[in-house]
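Secondary and tertiary structure notes
Single-letter residue listing:
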Amino acid sequence: MGVSGGKRFQHLIDPQNCARCGSCESECQVAAISHDERNYAIDHDLCSGCQECLAVCPTGAIDSWIALADAPDFPVAEQLTWSDLPRAPVAAADIVHLLEPEVAVAHVHAAPASAATPRVNLYAADAPAHARVCENRLLTATGDVHHIVLDFGDCEMPLLEGQTIGVLAPGTDANGRPHAMRVYSAASARDGERPGTRTVALTVKRILQDRDGNAVRGVCSNHLCDLDVGATVDVVGPYGQTFLMPDDPAATILMIATGTGIAPMRGMIARAQRLPAQARPRLALFYGARTPEDMPYRDELEALAPDTLELFTAFSRMPRQPRHYVQDAIVLGASRVLEYLRDERCHIYLCGVKGMEEGVDRAFAHVCADGGIDWSALRERLRTSHRLHSETY
Ligand code: NAP
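Residues numbered from 1 in each chain as written. Predicted model: local features only at pLDDT ≥ 70, side-chain atom pairs only at ≥ 80, totals over all residues. Heavy atoms only, no water.

For the rest of this paragraph, the subject is the packing of helix α9 (residues 334–342) against helix α10 (residues 356–371). When two helices pack together, their arrangement is given by the angle between the helix axes and the distance between those axes. Packing of α9 against α10 leaves a shortest axis separation of 10 Å and a crossing angle of 85°. Here α9 lies roughly perpendicular to α10, going by the angle between them. Where α9 approaches α10, its residues Ala334, Val337, Leu338, Leu341 and Arg342 are matched on the opposing element by Phe364, Val367, Cys368 and Gly371. Of the residues assigned to the contact of α9 with α10, the class counts are 7 nonpolar, 1 polar and 1 charged. (Axes fitted to C-alpha atoms, helices over the stretch in contact; angles between N-to-C directions. Helix = DSSP H or I, 4+ residues; strand = E, 2+ residues; numbered from the N terminus. Parallel < 35°, antiparallel > 145°, perpendicular 65-115°, else oblique. Contact = heavy atoms within 4.5 Å. Nonpolar A, V, L, I, M, F, W, Y, C, P; charged D, E, K, R; others polar.)

Here is the structure:
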């Protein structure tokens, strides 16, 4: 809740734009965010106003503030019933100068200073963009990960590397409401999967199990993976204003990805490859998958190494070998990692399974301790200079 000149604003989540990824709930240190099978909601009695949740939301749905005047607050139970916000919201940036200083916490999560300005929210569920599937191929021997290319034809879809789009699966859920959209990162560069066209690549894993191993059938991932070339897809977005590439030829980029979290990294690598040699940032990728056969884009990434890309892989399910994760690869590659970390123009990107964040943080701390660097101080400097970006679900 924020206050400005007697006007109160309630912090809410826009159900239209919410990806239902759970990032905000995991980020919240005071358990103010909860969800049911349909919506996410904020309990304003518990919310501390730290605004850390704003940074991790992939679509900006959580950056929604409604002026209440004398009206009562919207309770959590009511928020959970919404298909849309009851009134048009404003963003924190639009009211932040009006809020009490303790509410207006400085934002440390932002795009790199030199990043191009992203365009967001061009299409909503009531008027989506229509794209045609022009490629749908299996990327992995197991795990059923697909490379799907959408062609937007005449329809404008400006997407920077690191931005996402929402896909609307047809049909309705058990309550008869349209399925909530699912968000996917562009796995292609801003000038298209096929340069000079409005084509966008997605990396989609067919979901057949939940995180506890129970059988489920992911509505949107199965819809996408089953599409034939020529089929039409409804798309909303674009989203994302922080997980963006620096436009700085002197920058170095350290990417850490697991599984389909490779998608935005592939977009960034494609972008770098298409820049003139003198404008190309130096790139390193630490990539974790279960096995080499289960590693999306393995052939093309290996073909780029070592000249265009420094590639470090970690495989977790090799027969008769202990689990090897990206954080282990970071420790093994310590000398190269330290070179990147010592560079004041290094930008770090993490994308993939939620659990990797903690392990990667520990790995950086370990590497830094051996290299005589204070990781806590460096991490804070990276955050405040907008050089540390994370998108994990
Ligand atoms: P996955 O195949 O389940 O896992 C990839 C690798 O990460 C495996 O080797 C796995 O090891 C390992 N891993 C598991 N827990 C880890 C931990 N705590 N630390 C480090 N490594 C760990 O991955 P996935 O199913 O593709 O999931 C990728 C995630 O990226 C999803 O949550 C997805 O939502 C997210 N994402 C996707 C996109 C997209 O556009 N598709 C974009 C952004 C983010 P084991 O399983 O063998 O333990």
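So, on to the sheet that holds strand β13 (residues 282–289). Taken in spatial order, the 5 strands make up an open sheet running β14-β13-β12-β15-β16, and their pairing is parallel. The two strands at the open ends of the sheet, each matched to only one other strand, are β14 (310–315) and β16 (388–392). Neighbour to neighbour, the strand axes of the sheet diverge by 10° on average, direction disregarded. The pairing of β13 with β14 spans 6 bridges and is parallel. (Pairing = 2+ DSSP bridges.)

On to the site of the ligand, then. In the vicinity of the ligand there are 23 residues, among which Thr203, Lys205, Ser316, Arg317 and Tyr325 approach most closely. Within the side chain of Lys205, one N or O atom sits 2.7 Å away from an oxygen atom of the ligand. A distance of 2.9 Å separates an oxygen atom of the ligand from a polar side-chain atom of Arg323. Burial of the ligand by the surrounding chains reaches 83%, relative to a free accessible area of 930 Å². Contributions of two or more residues to the shell around the ligand are made by β9 (182–185), β10 (199–205), β13 and β15 (346–352). Of the residues belonging to the shell around the ligand, the class tally is 8 nonpolar, 11 polar and 4 charged. (Near = heavy atom within 4 Å. Polar contact = N/O pair within 3.5 Å; in protein donor to acceptor, adjacent residues only side chain to side chain. Areas by Shrake-Rupley, 256 points an atom, 1.4 Å probe, with all protein chains shown as cover.)

Before going further, it helps to spend a moment on the nonpolar core. One finds Met255, Ile262, Met265, Ile269, Leu285, Leu301 and Leu309 to be the most contacted residues of the largest nonpolar core, which totals 29 residues. Mapped by element, the contributors of at least two residues to this core are β7 (145–151), β12 (252–258), α6 (262–274), β13, α7 (298–304) and β15. The leading source of residues in this core is α6, at 6 residues. For Leu285, the contacting residues outside a window of four places in its chain are Met255, Ala257, Ile262, Met265, Ile269, Leu301, Leu309, Glu310, Leu311 and Phe312. With 26 residues, the next largest nonpolar core counts Ala284, Ile330, Cys368 and Leu378 among its residues. (Core = buried A, V, L, I, M, F, W, Y, C linked by side-chain atoms within 4.5 Å. Buried < 20%, exposed > 50% of the residue type's maximum accessible area, 1.4 Å probe, protein only.)

This part is about the confidence of the model for the protein. Chain-level statistics for the protein give a pLDDT mean of 92 and a share of 95% at 70 or above. Within the model, pLDDT remains below 50 along residues 101–106, and this stretch shows 10 contacts once partners closer than five positions in the same chain are excluded. (pLDDT = per-residue confidence, 0-100.)

Another point: the packing of aromatic side chains. Tallying each qualifying case throughout the model produces 4 aromatic pairs. Note on Phe243 and Tyr349: the rings are 5.3 Å apart at their centroids and 70° apart in plane angle, and the pair reads as edge-to-face. Of this pair, Phe243 sits in the loop between β11 (232–239) and β12 while Tyr349 sits in strand β15, and the two are 106 residues apart along the sequence. Classification of Tyr349 by relative accessible area gives buried; the value is 0%. With centroids separated by 4.9 Å and ring planes inclined at 40°, the aromatic side chains of Phe364 and Trp375 adopt a geometry described as tilted. Linking Phe364 in helix α10 with Trp375 in helix α11 (residues 375–384), this pair joins segments that are 11 residues apart in sequence. (Phe/Tyr/Trp six-rings, centres within 6.5 Å; stacked < 30°, edge-to-face > 60°.)

This brings us to the sheet that holds β7. Strand order in the open sheet made by the 6 strands is β9-β8-β11-β6-β7-β10, with antiparallel pairing throughout. Edge positions in the open sheet fall to β9 and β10, since each of these has one partner strand only. Going from strand to strand, the sheet's axes swing by 40° on average, the running direction of each strand aside. Summarising the sheet, β7 and β10 pair through 7 bridges and their orientation is antiparallel. Bridging from a neighbouring strand, His147 pairs with Thr203 of β10. Against the sheet, α6 engages β7, β9 and β10, with an angle of about 150° to β10.

With that settled, the discussion passes to unusual backbone geometry. Gly237 connects to Pro238 through a cis peptide bond whose omega is -10°. Within the secondary structure layout, Pro238 lies in strand β11. With phi around 55°, Arg20 is a residue other than glycine that occupies positive phi space. When you line up the elements, Arg20 lands in the loop between β2 (7–12) and α1 (23–27). On the basis of relative accessible area, Arg20 is assigned to the buried category, the value being 14%. For Asn121, which is not a glycine, the phi torsion comes out positive at approximately 55°. Locating Asn121 in the fold gives a position in the loop between α4 (92–95) and β6 (129–138).

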